[in-house]
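Architecture at a glance
Single-letter residue listing:
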Amino acid sequence: MSMNAAGSRLKQGGGVIDRYREFLPVSNSTPIVSLGEGNTPLVYSAKLSARIGRGCEVFVKNEGVNPTGSFKDRGMTVAVSKAIERGARTLICASTGNTSASAAAYAARAGIECTVILPAGKIASGKLLQAFVHGAKIIAIDGNFDDALRIVRKLGQRESLVIVNSINPDRIAGQKTAAFEIADLLGDAPDFHLLPLGNAGNLTAYWAGYREYQGNGRSKRLPAMFGFQAAGAAPIFHDKIIERPETIASAIRIGNPASWRQARAAIDQSKGVVDLVTDEQIIEAQIWLAQHEGIFVEPASAAAIAGLFKCCNAKDAAYSFQKIPEESRIVCTVTGHGLKDPDALTARMGKITSVAANEEDVLRALGL
Ligand SMILES: *Cc1c(COP(=O)(O)O)cnc(C)c1O
């Protein structure tokens, strides 16, 4: 590639709009705001596959590898590009942390303002730091995420502010590209797709992506969509609004999901299920994935892995993999990077005591 060709490709950002433009609501006159998001690893896991057995293959779609460390970047590149095209000067969002981190970064890239409305004291420290370092205006409210989104919906009626939560359809459009990448790599859609369920925009987006690809003849299958909520924040599972959602998995600490209806329809149409996992199961799965596959994800992301384990074993699970066909393909999306939320695990690490700086003491400490 000549310098100029490479240069112009890099100016397009080399991200999901560049690769899947024909499926996205952009035109040649849309100014593309990209940080090179997407194209994340789809990691085959022999150990997860063995847990299910019967020739099944499990892949982990590692969305923590995106520019700001979560899948939110896929939707944000489209939402911010469209906002710029419409002449926006300020983005606004409610967030449990990752939407604000992503919005702040893409706003900085675009050279516009970003205001984030956050539940006070409830944001993982890494995510809060991201909003700060990218220069967002941070407003903390004495309420939860659902309160923050209610306020943002109202403020978004002002012409100067563009909402970049997943109620913005451009976000969902961008997030579909993860389904495209999976189908492109596997040669078809998987048989099952597992992911955590918070505001339920991502499950909605994956389903839309798989359907669109099938409709265009790019893939044949449609996966069964499995969504996992935290036990203390499971409105879709219980079919009722949870007033005070509680879970260690802050990214899915949501009591009244914005895409509730769409996600429910996707789960039903795809013959999937919604189930819940406890905080203990989430942390156990988070540590398991870190120690067996070298993939460090935040607690919300581990809900997908905890859900896979639940489907493997439990009689009380909404679905048991004991009845899945041999040689099925299963994809679990892990949505965000573990470094965003160090506090979830540091308490478990315990105190590390030092020894004298010599070989003998180190050997003794090692028990050798
Ligand atoms: C946003 C987010 C979720 C939840 O996705 P929804 O689209 O709200 O269901 C899960 N995990 C992480 C890391 C997130 O940032």
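Residues numbered from 1 in each chain as written. Predicted model: local features only at pLDDT ≥ 70, side-chain atom pairs only at ≥ 80, totals over all residues. Heavy atoms only, no water.

**As for the state of the cysteines**
Note on terminology: disulfide describes a covalent bond linking the sulfur atoms of two cysteines. Per the counting criterion, the structure on display carries zero disulfides. Note on C312: no disulfide assigned, nearest cysteine sulfur contributed by C311 at a separation of 7.1 Å. Using a relative accessible area of 9% as the deciding quantity, one classes C312 as buried. (Disulfide = S-S within 2.5 Å. Buried < 20%, exposed > 50% of the residue type's maximum accessible area, 1.4 Å probe, protein only.)

**Digging into the site of the ligand**
Close to the ligand lie 17 residues; K72, N98, N199, A200 and T335 are nearest. Here an oxygen atom of the ligand sits 3.2 Å away from a polar atom, N or O, in the main chain of G201. A distance of 2.8 Å separates an oxygen atom of the ligand from a polar backbone atom of N202. Starting from 380 Å² of accessible surface for the ligand in isolation, the protein chains cover 97%. (Near = heavy atom within 4 Å. Polar contact = N/O pair within 3.5 Å; in protein donor to acceptor, adjacent residues only side chain to side chain. Areas by Shrake-Rupley, 256 points an atom, 1.4 Å probe, with all protein chains shown as cover.)

**What about the environment of T247?**
Locating T247 in the fold gives a position in the loop between α11 (235-238) and α12 (260-269). Classification of T247 as buried rests on a relative accessible area of 3%. Sequence separation between T247 and A231 is 16 residues; the distance between their C-alpha atoms is 7.5 Å. Not counting residues within four places of it along the chain, the set of residues in contact with T247 comprises A230, A233, I252, R253, D279 and I282. At 2.9 Å, the side chain of T247 forms a polar contact with the backbone nitrogen of A249. (Helix = DSSP H or I, 4+ residues; strand = E, 2+ residues; numbered from the N terminus. Contact = heavy atoms within 4.5 Å.)

**A short note on the sheet that holds strand β10 (residues 329-334)**
Read across the sheet, six strands follow the order β1-β2-β10-β7-β8-β9 without closing on themselves; strand pairing throughout is mixed. The open sheet is flanked by β1 (42-45) and β9 (273-277), the only strands paired with a single partner. For this sheet, the mean inter-axis angle between neighbouring strands, taken without regard to orientation, is 25°. Both strand β7 (residues 192-196) and strand β8 (residues 224-230) contribute to a ladder of five bridges, which runs parallel. Bridged to F192 within β8 is A224. (Pairing = 2+ DSSP bridges. Axes fitted to C-alpha atoms, helices over the stretch in contact; angles between N-to-C directions.)

**Considering the pattern of salt bridges**
Tallied over the full model, the rule gives 18 salt bridges. In this structure, E63 and R74 form a salt bridge, with 2.6 Å as the shortest nitrogen-oxygen distance. Placement of E63 in the loop between β2 (57-62) and α4 (72-85) and of R74 in helix α4 is noted, with a sequence separation of eleven residues between them. Accessibility assignment for this pair places E63 and R74 in one class, buried. Across the salt bridge formed by R264 and D268, the nearest N and O atoms sit 2.9 Å from each other. Of the two residues, R264 and D268 are both situated in helix α12; the distance of four residues between them amounts to about one turn of the helix. A relative accessible area of 29% means that R264 is categorised as partly exposed. Through salt bridges that share partners, R19, K61, E63, R74 and E181 make up one connected network. (Salt bridge = Lys/Arg side-chain N within 4 Å of Asp/Glu carboxyl O.)

**Some words on helix α5 (residues 98-110)**
Look at α5: 18 Å from first C-alpha to last across 13 residues, which is about the 18 Å you get at 1.5 Å a residue. Among the 13 residues in α5, ten count as buried, and that is most of the element. Restricting attention to buried positions, one finds in α5 the residues N98, T99, S100, A101, S102, A103, A104, A105, Y106 and A107. Residues of α5 that are buried sit in contact with α4, β3 (90-94), β4 (113-119), α6 (125-133) and α8 (169-175). Once α5 finishes, G111 follows within two positions and takes phi at roughly 75°, a positive value. (Expected span 1.5 Å × (residues − 1).)

**A word on the pairing of β2**
Extensive coverage of β2 is indicated by the burial of five of its six residues. Here β1 runs beside β2; their pairing, made up of four bridges, is antiparallel. Each bridged residue has a counterpart across the sheet, and for L42 the counterpart in β2 is K61. Relative to β10, β2 runs parallel, the two sharing six bridges. Pairing of K61 across the sheet is with T333, part of β10.

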